[in-house]
Amino acid sequence: MDGKIDYRDDGLFCSGHVACGGCAEALSLRVILNTMGPDTVAVVSPSCTAVICGGHPMSSLKIPVFHTTIESAAASAAGVRRALRARGKVDTNVLCLAGDGGTYDIGIQALSSVAERNEDILYICFDNEGYMNTGGQKSSSTPRGAATGSTPDGKRTRKKNMIEIMAAHRIPYIATASPSDLNDLAAKVEKAKAMRGTRMIIVLIPCLPGWGLAEDSSVQTARLAVQSRAFPLVEITDGVHYRLQTPELCSPLADYLTSQKRYRHLDAAEMARLQADVDTDWSMLQQRAQISPA
Amino acid sequence: MEQPRVGTDIQFAICGSAGDGTIAAGDIMKRAAALMGFKVIAFDIYPPEIRGFGKCISRIRISDAQTYSLKRHSDVLISLNDAHAIPHVGEVRDFGAVLFEDNSIAELPEGGHISAHIRAAQVPYGFGIREISEKATGLARSRNIAALGYAAGLFNMPPGIFHQIIAEKFAKKPRAVTEDNTRAFDAGVEAAARVFKLDDVSVGRPLSAASGADAVMMTGNGAIARGFLEAGIQAYFGYPITPASSIMERMAAALPREGGRFLQTEDEISAIAATLGAGYAGARAATATSGPGLALMTEMMGLGVMAEVPFVVAVSQRGGPSTGLPTKTEQSDLNLAVYGGSGDAQRIVLAPTNVEGCYRCAGMAFEIAETYQTPVVLLVDLYLSNRFETVIPPRKNIFAPKPRKTPKMGKGEEYQRFRLTESGVSPRSIPGEAGLTHTVTGLEHDEIGHPSDRLHNEMNAKRHHKLLPATHFPGLTTQKRFGDSGKVDVGLLGWGSTFGEILETLYTAQGQDIRVAVMKVVMLSPLPVDEIAAFMDDCTHVLVPELNFEGQFANMISGATGRPVTRLTQTTGAPMLVDDILAELHRLIDSPAPPPTSSHRTAEGVRA
């Protein structure tokens with residue numbers, strides 16, 4: 001890796017947006033939007049993304065944007081797709097931009113139905129593992145142990161395994177990505193863009209205030225998430241073929257956990273339990289990738 | 001006059017950028033004032049959760065006598081950031097004080113310094129805020145506290161009380177934080193000691209006999225949470241939404257400690273569905289949301305009415321429709337709260353008018369819900385949810401649940417869960433009570449709960465009539481008249497947070513020799529129609545100020561009494577100004593006769 005970010009930037013994502021200083025979501029959004037290109041309609045549900053997108057004429061996205069309700073990103077996108085078809089615009093991309101609350105929790109009913117019908121939509125979930133725009137409450141994407149406004153002593157249950165849920169719908173493409181590897185993110189968006197049907201990419205976004213991080217540590221934290229295997233990078237095609245990306249450098253989960261305030265109440269035993277969760281998930285993914293590689 | 005205004009009535013405004021410690025300084029000021037024994041009303045304005053920039057203002061009104069809203073004009077402005085504070089210099093009254101940094105370290109553009117914006121009649125106090133902080137602590141971080149110390153010194157407020165509050169506020173931080181801030185505070189006091197005071201702002205000693213130590217500083221949401229807890233809430237289900245989330249966060253922290261159950265669900269439908277499930281199973285259960293969440297909950301509200309299940313929904317309104325103005329206040333969900341859902345689904349809706357009201361209504365909501373076996377909506381708004389007031393709670397918990405009575409059955413008698421009784425209230429049993437097993441359904445049903453259309457009209461009547469006595473529920477103020485008795489020129493009818501401004505309007509108008517009375521209506525469903533009609537009988541004009549466009553409450557009053565009212569509506573996202581209500585009141589008095597039909601004016605229209 002020479003550290004160079006290699007993607008075409010046509011300026012579709014503007015500076016002057018209102019993300020928190022240092023937030024990796026803006027960075028990821030820039031890569032995603034420019035890779036998708038101008039022939040794209042965005043459907044956005046209430047989330048940090050919706051705030052970052054901003055309002056006309058100060059929109060930070062130079063494409064048409066439809067802000068819908070929090071439970072409805074996938075369903076509204078299905079409506080947009082049908083209308084574009086009816087108008088003969090088959091090549092226009094329909095891009096959903098949603099948060100984890102709007103994806104894992106309140107939006108899963110619409111998302112599941114869209115996936116079942118294999119609607120022609122690329123669905124991006126910016127996963128900051130909680131409701132960060134309302135002050136930091138847990139979502140079903142919040143990992144075990146993490147403290148939030150509504151789980152002050154740490155969440156007791158595991159993070160919902162969204163990629164397996166989506167894989168069970170047998171949609172053409174599912175991937176996870178991290179702002180610590182923007183070339184990988186761009187490649188995955190490029191790949192998804194060339195496909196038809198329901199495609200989903202979950203991008204991990206370390207939340208500076210929500211996770212208790214310094215302003216310059218977003219990308220670094222995302223990298224630690226990948227290296228510690230807390231957030232594995234994976235691609236699933238047609239719901240059955242797995243490609244698991246083994247990180248070049250590995251680090252213990254404790255390094256990732258201790259870098260964040262949301263885990264600071266954990267003792268060694270609890271950290272060991274979380275390490276066991278991560279190890280189980282990783283070996284499951286390894287098995288799948290061995291049995292049914294992409 | 002009912003309440004003469006003497007002694008202290010001072011409003012501080014502290015303005016800075018996010019990160020300046022503006023809200024923290026305001027918090028110390030309001031807590032110190034409360035401890036001194038003053039009545040306090042405070043409201044903070046800060047940017048949404050996305051961090052790093054944006055203006056923060058903390059406004060704190062302290063007074064001897066109870067006040068009901070913030071004042072339009074502040075007496076003192078403390079600037080921690082000139083760029084943000086300059087637009088607020090105008091809110092300082094004549095002979096009020098403006099405190100600012102006079103030792104800027106950065107190059108400023110023309111007009112960039114606050115001193116260029118202070119009017120001749122305002123009194124400027126420039127001092128080296130940063131320098132004081134740095135000399136006292138070695139860092140500029142305590143600028144906010146240094147400025148607070150300067151204000152305390154200038155207005156002769158006792159430093160010891162501030163020391164106590166500073167120590168409490170930073171108790172969880174390393175001790176050096178308290179020590180540094182105390183030093184910065186004292187250095188501020190010291191700096192002000194040498195200053196010749198030219199303003200006429202005076203903070204006296206509180207007249208109030210109530211000891212400051214008994215007063216609790218609460219927000220509306222905090223008061224609701226406290227009321228719920230004292231009433232023995234057993235289960236809370238929630239979903240995050242501004243401005244109701246802080247109720248959920250308080251429940252998440254408190255309920256498990258008190259042996260209750262807390263759950264954050266995946267959406268509002270599940271939140272209310274779980275609340276209803278818990279209410280059915282015999283627990284005191286509640287949820288809280290805002291307008292968009294209530295919109296999703298309306299189907300379950302209907303089930304609650306039909307199945308006669310008691311539960312409580314707190315709703316903090318924000319600007320709508322749709323996502324609307326998530327961080328701005330409005331009173332436009334009245335229709336949704338009272339009428340939302342399918343069919344004839346009358347429920348109880350309580351709208352407290354101040355923080356103490358939030359505490360009392362929340363404390364009584366479960367008992368009311370259980371008495372009438374129905375959903376109770378507690379309707380507040382962002383302005384009430386987030387503002388601070390001093391409340392003196394009773395020393396003994398007056399909201400503790402009373403033991404539930406299990407229905408007694410005669411020999412061979414069949415249990416009828418929905419029996420048509422004279423009061424309309426049927427014998428309620430909960431799952432697990434022997435011999436009382438029954439089925440609950442959203443289908444229309446007969447007296448034993450068997451699905452049937454045979455008694456639809458009777459059941460609708462029962463569900464309607466059983467609620468009517470709630471307007472005289474013991475211990476609950478469902479409406480109250482203030483001001484002049486007998487015939488008046490103008491009567492103001494108000495609900496929710498706007499009633500604070502209405503009450504302030506009353507006191508101002510009484511000082512102008514106008515015959516005026518006001519009535520607050522706390523129970524919005526069922527409406528205390530007789531009392532409202534009697535009040536209207538006394539008024540030449542009836543004015544209804546509220547923060548929505550259509551005049552939803554005015555429509556409700558007019559419809560229930562069949563009489564004309566004058567609407568005064570505004571949707572600016574901010575509380576209505578006392579001056580605007582007063583202007584409309586004067587316009588009505590100057591008009592010769594009551595309007596033949598309802599008229600409709602917006603507060604902006606009055607201003608124009």
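Computed from a prediction, not measured in an experiment: that's the story for all the values here.

Reading the values: the criteria
- Residues numbered from 1 in each chain as written.
- Chains lettered and ligands numbered in written order.
- Predicted model: local features only at pLDDT ≥ 70, side-chain atom pairs only at ≥ 80, totals over all residues.
- Heavy atoms only, no water.
- Helix = DSSP H or I, 4+ residues; strand = E, 2+ residues; numbered from the N terminus.
- Rg over C-alpha atoms; globule rule 2.2 N^0.38 Å.
- Buried < 20%, exposed > 50% of the residue type's maximum accessible area, 1.4 Å probe, protein only.
- Contact = heavy atoms within 4.5 Å.
- Lys, Arg positive; Asp, Glu negative; His and termini not counted.
- Charge placed at Lys NZ, Arg CZ, Asp CG, Glu CD.
- Domains from an automatic or database assignment.
- Buried area = accessible area lost by both parts, 1.4 Å probe.
- Salt bridge = Lys/Arg side-chain N within 4 Å of Asp/Glu carboxyl O.
- Polar contact = N/O pair within 3.5 Å; in protein donor to acceptor, adjacent residues only side chain to side chain.
- Pairing = 2+ DSSP bridges.
- Right-handed = clockwise from strand over helix to strand, strands pointing away.
- Arc of directions from axis to C-beta.
- Axes fitted to C-alpha atoms, helices over the stretch in contact; angles between N-to-C directions.
- Disulfide = S-S within 2.5 Å.
- Phe/Tyr/Trp six-rings, centres within 6.5 Å; stacked < 30°, edge-to-face > 60°.

Caption draft 1: Focus on the overall build of chain B. Along its length, chain B carries 19 helices and 21 strands. Over its C-alpha trace chain B gives a radius of gyration of 26 Å, about what one expects of a compact globule, namely 25 Å for 608 residues. Taking the principal axes of the C-alpha coordinates as reference, chain B spans close to 90 × 65 × 45 Å. The buried share of chain B, reckoned over its 608 residues, is 57%. Considering only contacts in chain B between residues 6 or more positions apart, those separated by 24 or more positions represent 76%.

Caption draft 2: Fine view of the overall build of chain A. When helices and strands are counted, chain A shows 11 helices and 8 strands. In terms of C-alpha radius of gyration, chain A reaches 18 Å, essentially the compact-globule figure of 19 Å for 294 residues. For the C-alpha atoms alone, the extent of chain A along its principal axes is close to 60 × 45 × 40 Å. For chain A, the proportion of its 294 residues judged to be buried stands at 58%. Here chain A contributes 31 positive and 31 negative side-chain charges, whose respective centroids are spaced 4 Å apart.

Caption draft 3: View of helix H17 (residues 552-561) of chain B. All names here are of chain B. In terms of residue burial, H17 counts as a mostly covered element, since 7 of its 10 residues are buried. Along H17, the positions that sit buried rather than exposed are Gln 552, Phe 553, Ala 554, Met 556, Ile 557, Ser 558 and Thr 561. Note on H17: the residue one or two positions beyond its end, Gly 562, has a positive phi of about 70°.

Caption draft 4: Spotlight on unusual backbone geometry. The linkage connecting Thr 242 of chain B with the following residue, Pro 243 of chain B, adopts the cis geometry, with an omega of 0°. Mapped onto the fold, Pro 243 of chain B is located in the loop between strand E8 (235-238) and helix H8 (245-254). A cis geometry characterises the amide bond from Gly 320 of chain B onward to Pro 321 of chain B, with omega recorded as 0°. Structurally, Pro 321 of chain B can be placed in the loop between strand E11 (311-317) and helix H11 (334-339). Here Asp 238 of chain A, not a glycine, exhibits a phi torsion of approximately 55°, which is positive. Checked against the element boundaries, Asp 238 of chain A lands in the loop between strand E7 (233-237) and strand E8 (241-245).

Caption draft 5: A look at the domain arrangement of chain B. All names here are of chain B. The domain architecture assigned to chain B consists of domain 1 (9-214), domain 2 (217-391) and domain 3 (479-607). Here the C-alpha centre of domain 2 lies 35 Å away from the C-alpha centre of domain 1. With 15 residues of domain 1 at the contact, the number on the domain 2 side is 9 residues. Sorting the residues of domain 1 by area buried against domain 2 places Lys 30, Val 40 and Phe 43 first, and these three jointly supply 37% of that buried surface.

Caption draft 6: Representation of the interface of chain B and chain A. On the side of chain A, 26 residues touch chain B, which itself brings 20 residues to the contact. In total, chain B and chain A occlude about 1,800 Å² of area from one another, counting both sides; carbon and sulfur atoms represent 58% of this. At the boundary of chain B and chain A, one finds 0 salt bridges. Taken together, the connections running from chain B to chain A amount to 5 residue pairs in polar contact (both at pLDDT 80 or more). Looking at which element gives the most residues to the side of chain B that touches chain A, the answer is H8 of chain B, with 5 residues.

Caption draft 7: Focus on the environment of Asp 105 of chain A. Here Asp 105 of chain A lies in helix H4 (residues 100-105). If sequence neighbours within four positions are ignored, Asp 105 of chain A has contacts with Asp 100, Tyr 131, Ser 139 and Ser 140 of chain A together with Glu 266 of chain B.

Caption draft 8: Up close: the environment of Cys 361 of chain B. Residues and elements named next belong to chain B. Along the chain, Cys 361 falls in helix H12 (residues 355-372). Note on Cys 361: relative accessible area 5%, which makes it buried. Note: C-alpha distance between Cys 361 and Asp 9 (352 residues apart in sequence) is 28 Å.

Caption draft 9: Spotlight on the pattern of salt bridges. Residue and element names in this part refer to chain B. A full pass over the atoms with the stated rule returns 52 salt bridges over all chains. One salt bridge connects Asp 200 with Arg 93, and the closest N-O pair in it is separated by 2.7 Å. Taken together, the positions of Asp 200 in the loop between helix H6 (175-193) and strand E7 (216-219) and Arg 93 in strand E5 (residues 92-101) put the pair 107 residues apart, joining distant regions of the chain. According to the relative accessible area criterion, Arg 93 is partly exposed, its value standing at 22%. For Glu 131, the salt bridge goes to Lys 135, with nearest N and O atoms at 3.2 Å. Of this pair, Glu 131 and Lys 135 both sit in helix H3 (residues 129-137), 4 residues apart, which is roughly one turn of that helix. Salt bridges here are not isolated pairs; linked through shared partners, they connect Asp 9, Arg 61, Lys 71, Asp 75, Arg 93, Asp 200 and Glu 504.

Caption draft 10: Broad picture of the pairing of strand E20 (residues 566-569) of chain B. Residues and elements named next belong to chain B. Alternating residues of E20 divide into Thr 566 and Leu 568 and Arg 567 and Thr 569, and every residue in both groups is buried. Across 4 bridges, the pairing between strand E19 (residues 539-546) and E20 is parallel. In the strand pairing of E20, Glu 546 is matched with Thr 569. Where the polypeptide runs from E19 across H17 and back to E20, its parallel neighbour, the crossover connection is right-handed.

Caption draft 11: Spatial organisation of helix H14 (residues 456-465) of chain B. Residue and element names in this part refer to chain B. Within H14, the full set of buried residues consists of Met 459, Asn 460, Lys 462 and Arg 463. Angular distribution of buried residues about the axis of H14 spans 160°; they occupy a single face of the element. In the core, the buried residues of H14 are packed alongside helix H10 (291-307).

Caption draft 12: Highlighting the sheet that holds strand E12 (residues 348-350) of chain B. All names here are of chain B. A sheet is described by the order of its strands in space; here 7 strands give the open sequence E9-E8-E10-E11-E13-E12-E18, paired in mixed fashion. Of all the strands in the sheet, just strand E9 (261-264) and strand E18 (523-525) have a single pairing partner and so form its edges. Geometrically, the sheet is characterised by an average inter-axis angle of 20° between neighbouring strands, direction not taken into account. Judged from the 7 bridges that link them, E11 and strand E13 (residues 375-381) form a sheet pairing that is parallel. Bridge pairing in E13 links Val 312 to Val 376. Where H12 meets the sheet, its contacts fall on strand E10 (285-289), E11, E12 and E13, and the angle it forms with E13 comes to roughly 160°.

Caption draft 13: Representation of the sheet that holds strand E6 (residues 199-204) of chain A in the model. Residues and elements named next belong to chain A. Taken together, 8 strands build an open sheet; the order of strands is E2-E1-E3-E4-E6-E5-E7-E8 and the sheet is mixed. Looking at strand neighbours, the two that pair on one side only are strand E2 (65-67) and E8, the edges of this open sheet. Averaged over all neighbouring strand pairs, the angle between strand axes comes to 15°, with direction disregarded. As judged from the 3 bridges shared by strand E5 (residues 173-177) and E7, these two strands associate in the antiparallel manner. By the bridge assignment, Ile 174 is partnered in E7 with Ile 236. Those strands touched by helix H11 (residues 268-291) are E7 and E8, and its axis lies near 130° from that of E8.

Caption draft 14: Examining the state of the cysteines more closely. Applying the stated criterion across every chain, the model contains 0 disulfides over all chains. Cysteine Cys 48 of chain A is unpaired, with the sulfur of Cys 207 of chain A as its nearest cysteine sulfur at 6.0 Å. The class for Cys 48 of chain A is buried, based on a relative accessible area of 14%. Here Cys 358 of chain B is not disulfide-linked; the sulfur of Cys 361 of chain B is the nearest cysteine sulfur, at 7.4 Å. Since its relative accessible area comes to 0%, Cys 358 of chain B is described here as buried.

Caption draft 15: Geometry of the packing of aromatic side chains. Residues and elements named next belong to chain B. One pass over the full model with this rule turns up 12 aromatic pairs over all chains. Measuring from centroid to centroid gives 4.9 Å for Phe 162 and Phe 185, while their planes differ by 25°, and the two rings are stacked. With Phe 162 in helix H5 (residues 159-169) and Phe 185 in helix H6, the pair connects residues that are 23 residues apart, well separated along the chain. When sorted by exposure, Phe 162 lands in the same class as Phe 185, which is buried. Ring centres of Trp 495 and Phe 553 lie 6.2 Å apart, and the angle between their planes is 45°; on these two criteria the pair is classed as tilted.

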